[in-house]
Amino acid sequence: DVSSPKHGKVDPDNKPHVGGNTWAGGTGGRDTAGLGGKGGPYRLDAGHRVYQVSQAEKDAVPEEVKRAAREMGEKAFKQRLKEIQMSEYDASTYERFSGAVRRQVQSLRIILDSLQ
């Protein structure tokens, strides 16, 4: 069961963590920032294979936990914008332009990686 969203502990060795309720950047878990889980406040990719919980499990998260996770995610987003000295308007403008060329940038990254 989910209880309350949190960032989670950071693993100094960046080991992959699957499931549970402890590690930031884990996958398929609950309550912590990561990928493929349920009830976490925001997505956090630590570079490991992603294990996905079912949509039914995600849908079963209580509304108060979903609301708390959204609020925590929004707060973290605004804090990050402040750290990089970007306004919400700047972020939406950046996303609009970035989204328009995202596929081309990804293709270019793949080409450059293969050349290296």
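All figures in this text were calculated on a predicted structure; none of them were measured in a lab. Throughout, residues of each chain are indexed from 1 in the direction in which the sequence is written. The model is predicted, so local features are restricted to residues of pLDDT at least 70 and side-chain atom pairs to those at 80 or more, both for listing and for counting; the totals for chains, interfaces and linings are taken over all residues. To obtain the side-chain values, all non-hydrogen atoms of the structure were used and water was disregarded.

Peer 1: Lay out the overall build of the chain with the relevant residues and their values.
Peer 2: For the chain, the count of helices and strands is three helices and two strands. Numbering of helices and strands runs from the N terminus; a helix is a DSSP stretch of H or I covering at least four residues, while a strand is a stretch of E covering at least two. In sequence order, the secondary structure elements of the chain are arranged as β-β-α-α-α. For the chain, the spread of C-alpha atoms along the principal axes amounts to about 45 × 35 × 30 Å. For the chain, buried positions account for 24% of its 116 residues. Any pair of residues with heavy atoms lying within 4.5 Å of one another is described as a contacting pair. By sequence separation, contacts in the chain at least 24 residues apart represent 35% of the contacts at least 6 residues apart. The method behind every accessible area is Shrake-Rupley, applied with a 1.4 Å probe, and residues are considered shielded solely by the protein chains displayed. Looking at the chain as shown, the accessible area adds up to about 8,500 Å², and 52% of this sits on carbon and sulfur atoms. Within this scheme the basic residues Lys and Arg register as positive and the acidic residues Asp and Glu register as negative, but His and the chain ends are omitted. By convention, the charge on Lys lies at NZ, on Arg at CZ, on Asp at CG and on Glu at CD. Mean positive and mean negative side-chain charge positions of the chain (19 and 16 charges, respectively) differ by 1 Å. Residue exposure (1.4 Å probe, protein chains only): buried if accessible area is under 20% of the type maximum, exposed if over 50%, otherwise partly exposed.

Peer 1: Account for the pattern of salt bridges, with residues named and values stated.
Peer 2: Any Lys or Arg side-chain nitrogen found within 4 Å of a carboxyl oxygen on Asp or Glu counts as a salt bridge. Scanning all chains against the criterion turns up seven salt bridges. Between Glu 74 and Lys 78 there is a salt bridge; the shortest N-O distance is 3.9 Å. Of this pair, Glu 74 and Lys 78 both sit in helix H2 (residues 63-83), four residues apart, which is roughly one turn of the helix. Judged by relative accessible area, Glu 74 falls into the partly exposed class, the value being 35%. Lys 78 is the partner of Glu 88 in a salt bridge, and the nearest nitrogen-oxygen pair spans 3.9 Å. On the criterion of sequence distance, the pair formed by Glu 88 in helix H3 (residues 88-115) and Lys 78 in helix H2 is long-range, its members being ten residues apart. What you see here is one network of salt bridges that share partners, running through Glu 74, Lys 78 and Glu 88.

Peer 1: I'd like to hear about the layout of surface pockets, residue by residue, with values.
Peer 2: Cavities and pockets are defined on a 1 Å grid built over the protein atoms alone: a cavity is a set of grid points where a 1.4 Å probe fits but cannot escape, while a pocket is an open set with protein on both sides within 12 Å along at least five of seven lines, and lining residues are those with an atom within 4 Å of any such point. Grid points are joined across faces, edges and corners, and a volume is the space filled by probe spheres set on the points. Computed from the structure, the largest pocket encloses a volume of approximately 420 Å³. As for the largest pocket, its lining consists of 31 residues, and the residues nearest its centre are Gly 34, Gly 37, Lys 38, Gly 39 and Gly 40. Those elements giving two or more residues to the lining of the largest pocket turn out to be strand S1 (26-27), strand S2 (34-35) and H2. The leading source of residues in the lining of the largest pocket is H2, at four residues. Each residue gets one of three labels, nonpolar for Ala, Val, Leu, Ile, Met, Phe, Trp, Tyr, Cys and Pro, charged for Asp, Glu, Lys and Arg, and polar for the others, Gly among them. When the residues that make up the lining of the largest pocket are grouped by side-chain class, the tally is eight nonpolar, 16 polar and seven charged. Looking at the second largest pocket, its volume works out to about 270 Å³. Those elements that place two or more of their residues in the lining of the second largest pocket are H2 and H3. Per-element accounting of the lining of the second largest pocket gives the leading share, five residues, to H2. In terms of residue class, the lining of the second largest pocket is built from nine nonpolar, two polar and three charged.

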